[in-house]
Amino acid sequence: MTSVEHNLQTPELAPARPVLDQDWRRIARFGAIGALALIFISLTDMPDKLDGRMIVEPLLSMGYFSLLWVPFLFGNLVTREVVLEGMVAHRKGVRELLAGALVGLLSSLGLVVLIYLLDTRDLSEPLVNWNSDLHTVLTFGEGNGYGMGFWIAVCVGLGLLGGLFHLLPRLVVQPLKAASIVVLGAVVLESALNDLSEGFGLESLFESLFKKGSDRGGLSVTGALVLAAFGFAWVFVLNAQVAKGKQVFQQAKERNRSATMTVSSVVGVALVLILPMYLGRLTNDLLVNVGLFLLLALGLNIVVGLAGILDLGYVAFFAVGGYTAAILTSPSSPGFSPELSWSVAIIAVVGMAILAGLFIGAPVIRMRGDYLAIVTLGFGEIIRLTVRSDWASGVTGGAQGILNIPNADVFGLFSFKGTDPQQMLYLVAAFCALAIYVSWRLENSRIGRAWMAVREDESVAEAMGINTVNAKLQAFVVGAILASFSGAIFAAKVGSVFEISFKILISIVILVVVIVGGMGRIAGVIAGALVLIGILGGPNQPGLLSEFSEFKLLIYGALLVWMMLQRPEGLIPNVRRSRELHQDEFLQDAWLRKQVDEDEAGGEGEVAPA
Amino acid sequence: MTSAMRHKAAPRTGVDWFLFFLRGLLLGLVTVGLGAFVLQQIDPANPVTEWLNPGASRLSWDAAQGLIVSGLSQGAMYGLIALGYSMVYGVLGFINFAHGEVFMVGAMTGMITANKLDHGGLWESNFVLAILIAVAVSVVCSTLTAVVMERVAYRPLRGAPRLIPLITSIGVSFFIQNTSAVLLGPGAKNYPRLPEGLSDRIGIGPLEIEGKKLLVLVVAAASMSALWYLVERTKTGKAMRAVAEDKEIASLMGIDVDRTIVTTFAVGGAMAGVAGILWGILFGSVTEFTGFLPGIKAFSAAVVGGIGNLGGAMAGGLTLGSSESLAPQLILEPLGVTGHTQLKDAVAFLVLIFVLLVRPTGLFGERLSSEDRT
């Protein structure tokens, strides 16, 4: 038996590495970053503001959770060992625990210093959150000594726990992870679950899990335990079942591709048709926002994800759609007011979007990628500033905007009331379905392949006979049309348009959605929109975690940086794109694999470095 | 094959004709606007002006020099910010979108220091010392921001595809903006009142300059010459130029490339810090979004002057500043555009688009590293 095969069965461990100077430096660095992170989070006032939302009713609130994850994560990361393919991991032991505890101790010092300073100094002049409320939250109102002792003990404990995670076998870690995901997921989805349970008449189930009559929400202790047990069960029992089901589905898919596709899309459509009836007003409204952003994100996905054009002024097309629909349908639009029905206006919207796509696209497509980004951003601002100015106010209403936009009326057959989220959800869902279908068909078409070729290497694509200029323009135009649909629906939903709804901020949020979800992959974009817009909320729209509204843009920024550094391919990556981004690793893996094969063929049975 | 050769070889497509038309349109607009302005200056009652812009009056020299001076002082500020964009683009080949935020951090910390000094009374009693302290603090903070940013967000991305660091920098910019909003509270915050003497007008040749604008011009000129000395006359500057030219060869010559890149970020950050204080002197208040528009305008200035070219960045800043201050009055108003001052920012972007369409390498030529030039 070669050691390669042996590796696959039970991981062989090298003896523990001796403790080196660099380990101490690493601990010091992680501890310092942890301390700074704790101080930063405290000063953003997250612990105080998020204290109003509980995770488990009397025990833990989101406010304290926003601090507690730090020592745990850093205690875990400090001893994380990257095991390359063909290398052997070191044996874990007390040093992992000690390192974790030390990191926890060091990071707790950040809070200790902060508590002391909060008590003795007044820095409220520049720092708005520097007040006694924060001090009370950090010390539980029990005095400095109690607070400091508490944080030192808890941080050391959590750091230790983080280190402990390296020692536990997979069989324990996996269920623990699943249990915490289930519990946190339930807490995050609390209001949606509440809505759903009311719709289906399952209030008793909801009330048995969540604390009754608590204005801060949160699971009851028993509820949390039940959910955690469910998470455990998921790993031990259901995981295997799900994997089996997946396999069956895969096989069926291979055998009869079109039939399974039909079945799954029918199921999807049925779900979208039925679900809105059982959801409450709030959840429906939330899903409408998700749908609007999904439509935008799908369009941007074609431009950025498939054709590789970083369009930062994408919001311009959203504005074009919104304003065109508003001007054509509203009776009170200044200057020009034909009062068309929404379905007729949408045709004009498509026309305007094509024109805008060509007009903005043509000057920029020959530019270098980064110049293009700035110039499209400039176009986005130019359009917004023009719409706002007195000069154009004869048509666009200037800063007063356009009011009284009627309901979305489709050829006199249906009328979707803007104020009724349930009706709007059907409208948005229909357009999203259209956009998904179009993206899916385009991705696998001749033009989709041309886009990907342009994204990967423009000169090579040109040499292969692709008209790169036309391909890029087409991407621009398709993206513009999808965004303008979203704008037209937005206008009908809100009943008014103002230039402030079309700030550059929106472009950036859509970009975050596309990138976090997974550039170039439809499922990724859908996941991104659901997770980010649904949970955190859009720039002006609240999400499920409405307490986070003050912090969501901060989180968006941090998330964008973190994704780019750690996982540029997104949550649900596009295979080809992720290969492009990790080319070095792929080459290295391929090289190692080849070596292993050669070694095996030679019968030596030794993996190169051990 | 250079792009010029390719253009000659390829037949004209629809896009080319469109671009040709667009260039013509923009040029025509500028010419017609200027022509109408000249006619309006000669006699506001001539038929063309009556038709285009009824009720027009001559632009007085007093108003005109006000526009020129404020255009130049703002332009000098843009130029200082543009240096950071230009240097980083020259060295790393990507737009550091978050540089505008470095400028904002400078303006913010300057505001905090100035207010503290105002409380202590130093701002009133010894303005020169107080402003020097404020400049020092904001330069230190901006430099630190830029250096930390490079270390955390950009260094791990060396060698990544071009768009990745750009997207990262958008995230960094977003993060810094919102950090400021959350830590310091959203909304505008005011600088303390400037001493009386600074709003007096001082006559220099034909121009009468407000004291604070003169101060801005002087500080900008001083920082620019200090930077010029650093880049052209010191060993560090030589290393920076070498790294901008070719990173690999520079490292073979014994230059620590990473350290030089950090220095580049630090110098750019320091310039942005100075610009931040100048913003405070000019406008008197700062918000968390202060960095956004000036940042993009400064990048436009860097492109207008030719990216990677330091003198060009300053000249581009002055060009952009004065055109954004003059163009609404000189071109848009004679054409009968109402509320032309609202379109000031749009003019800045139009200048960028115009320059990129007509002369993509900028007015004074770009200086890029060997791998970015292709």
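Here the residue numbering is sequential within each chain, running from 1 through the sequence in written order. All chains are assigned letters beginning with A, and all ligands numbers beginning with 1, in the order in which they are written. Restriction of local features to residues with pLDDT of at least 70 applies here, the model being predicted, together with a cutoff of 80 or more for giving and counting side-chain atom pairs; totals for whole chains, interfaces and linings are based on all residues. Side-chain calculation: all heavy atoms of the structure are included, whereas hydrogens and water are not.

A word on the packing of helix α5 (residues 94-120) of chain A against helix α6 (residues 132-139) of chain A. All names here are of chain A. Where α5 contacts α6, the axes come no closer than 10 Å and their chain directions differ by 140 degrees. Relative to α6, the element α5 lies oblique. Here the hand of the crossing between α5 and α6 comes out left-handed. Residue-level contacts link L111, L114, I115, L118 and D119 of α5 to L134, H135, L138 and T139 of α6. Here the nonpolar group is Ala, Val, Leu, Ile, Met, Phe, Trp, Tyr, Cys and Pro; Asp, Glu, Lys and Arg are the charged ones; every other residue, Gly included, is treated as polar. Here the contact of α5 with α6 is built from residues that sort into six nonpolar, two polar and one charged. For helices, the fitted axis covers only the stretch in contact; all axes are lines through C-alpha atoms, and the angles between them, taken along N-to-C directions, range from 0 to 180 degrees. Runs of E in the DSSP output that reach at least two residues are strands. Runs of H or I that reach at least four are helices, and both are numbered from the N terminus. By definition in this entry, angles of less than 35 degrees are roughly parallel, angles greater than 145 are roughly antiparallel, angles of 65 to 115 are roughly perpendicular, and the rest are oblique. A clockwise turn of the near helix away from the far one marks a right-handed crossing, whereas an anticlockwise turn of less than a right angle marks a left-handed crossing. Any pair of residues with heavy atoms lying within 4.5 Å of one another is described as a contacting pair.

All names here are of chain A. Its location among the elements puts S220 in the loop between α10 (203-209) and α11 (221-255). Relative accessible area decides the class of each residue, using a 1.4 Å probe on protein chains only: under 20% of the type maximum gives buried, over 50% gives exposed, and in between gives partly exposed. Taking the relative accessible area as the measure of exposure, S220 reaches 10% and is therefore buried. Apart from the residues lying within four places of it in its own chain, the contact partners of S220 are V56, S208, L209, F210 and K211.

It is worth spelling out the pairing of strand β2 (residues 201-204) of chain B at this point. All names here are of chain B. For two strands to pair, DSSP has to find at least two bridges joining them. With four bridges joining them, β2 and strand β3 (residues 207-210) adopt antiparallel strand pairing. By the bridge assignment for β3, I204 is matched with L207. Here β2 hands over to β3 after two residues, with G205 in that stretch at a positive phi of 60 degrees.

Moving on, we come to the interface of chain A and chain B. How big an interface is tends to be expressed through the accessible area that disappears when the partners come together. In this complex, chain A contributes 56 residues to the contact, which on the side of chain B involves 60 residues. Summed over both partners, the accessible area (1.4 Å probe) lost when two parts come together is defined as the buried area. Together, the buried faces of chain A and chain B total about 4900 Å²; carbon and sulfur atoms form 79% of this surface. Interface area lost by chain A to chain B is led by D370(A), Y371(A) and I374(A), which between them contribute 13%. We define a salt bridge as a side-chain nitrogen of Lys or Arg found within 4 Å of a carboxyl oxygen belonging to Asp or Glu. Joining chain A to chain B, the criterion identifies one salt bridge. For R366(A), the salt bridge goes to D16(B), with nearest N and O atoms at 3.0 Å. Here a polar contact is taken to be a pair of N or O atoms separated by no more than 3.5 Å, where protein atoms must pair a possible hydrogen donor with a possible acceptor and residues adjacent in sequence count only if both atoms sit in side chains. In this structure, the connection of chain A to chain B is made through five residue pairs in polar contact (both at pLDDT 80 or more). Counting residues per element, the side of chain A that touches chain B draws most heavily on helix α16 (residues 369-388) of chain A, which supplies 13 residues. Each residue belonging to the side of chain A that touches chain B can be placed in one class, and the counts come to 41 nonpolar, eight polar and seven charged.

On to the nonpolar core. All names here are of chain A. By nonpolar core is meant a set of buried Ala, Val, Leu, Ile, Met, Phe, Trp, Tyr and Cys residues that side-chain atoms within 4.5 Å join together. Core analysis: the biggest nonpolar cluster contains 265 residues, and L138, W151, W342, W451, I489, L511 and Y556 have the highest contact counts within it. Examining the composition of this core, we find that 17 residues originate from one element, helix α21 (residues 468-494), more than from any other. Among all residues touching W151, those that are not within four sequence positions of it are Y64, L67, L68, S108, L111, I115, L138 and F140.

So, about the domain arrangement of chain A. Domains are outlined according to an automatic or database domain assignment. Each assigned domain of chain A is listed here: domain 1 (1-167), domain 2 (170-248), domain 3 (281-510) and domain 4 (577-610). Taking only C-alpha atoms into account, the centre of domain 1 of chain A sits 44 Å from that of domain 3 of chain A.

Residue and element names in this part refer to chain A. Whether two aromatic rings pair depends on their centres lying within 6.5 Å, for rings of Phe, Tyr and Trp, where Trp uses its six-membered ring; planes under 30 degrees apart make the pair stacked, over 60 edge-to-face, and the rest tilted. In this structure the tally under the stated criterion is 31 aromatic pairs over all chains. On the numbers, 5.9 Å between centres and 80 degrees between planes, the contact of Y314 with F317 is edge-to-face. Grouping residues by exposure puts Y314 and F317 together as buried. Arranged with centres 5.3 Å apart and planes meeting at 65 degrees, the rings of F318 and F502 form a pair that is edge-to-face. With F318 in helix α14 (residues 315-329) and F502 in the loop between α21 and α22 (504-517), this residue pair connects regions lying 184 residues apart in the sequence. Accessibility classification places F318 together with F502 in one group, the buried group.

Turning to empty space enclosed by the protein, a few remarks are in order. For each structure, a 1 Å grid was placed over the protein atoms alone; sets of points admitting a 1.4 Å probe that cannot get out are labelled cavities, open sets with protein on both sides within 12 Å along at least five of seven lines are labelled pockets, and lining residues have an atom within 4 Å of a point. Grid points are joined across faces, edges and corners, and a volume is the space filled by probe spheres set on the points. Using the criterion set out here, one finds four cavities of 30 Å³ or more in the structure. When its volume is computed, the largest cavity comes out at roughly 60 Å³. Looking at the largest cavity, the residues that line it are I374(A), Y85(B), F97(B), G100(B), E101(B), S173(B), G291(B), F292(B), G295(B), I296(B) and F299(B). Contributing elements (two or more residues each) for the lining of the largest cavity: α5 (99-120) and α13 (292-305) of chain B. Sorting elements by how many residues they give to the lining of the largest cavity places α13(B) first, with four residues. Looking at the lining of the largest cavity residue by residue, the class counts come to six nonpolar, four polar and one charged. Approximately 50 Å³ is the volume attributed to the second largest cavity. As for the second largest cavity, its lining consists of V315(A), A316(A), A319(A), Y323(A), G380(A), I383(A), R384(A), V387(A), E499(A) and F502(A). Listing elements by their share of the lining of the second largest cavity, those giving two or more residues are α14 and α16 of chain A. Residue classes in the lining of the second largest cavity are distributed as seven nonpolar, one polar and two charged.

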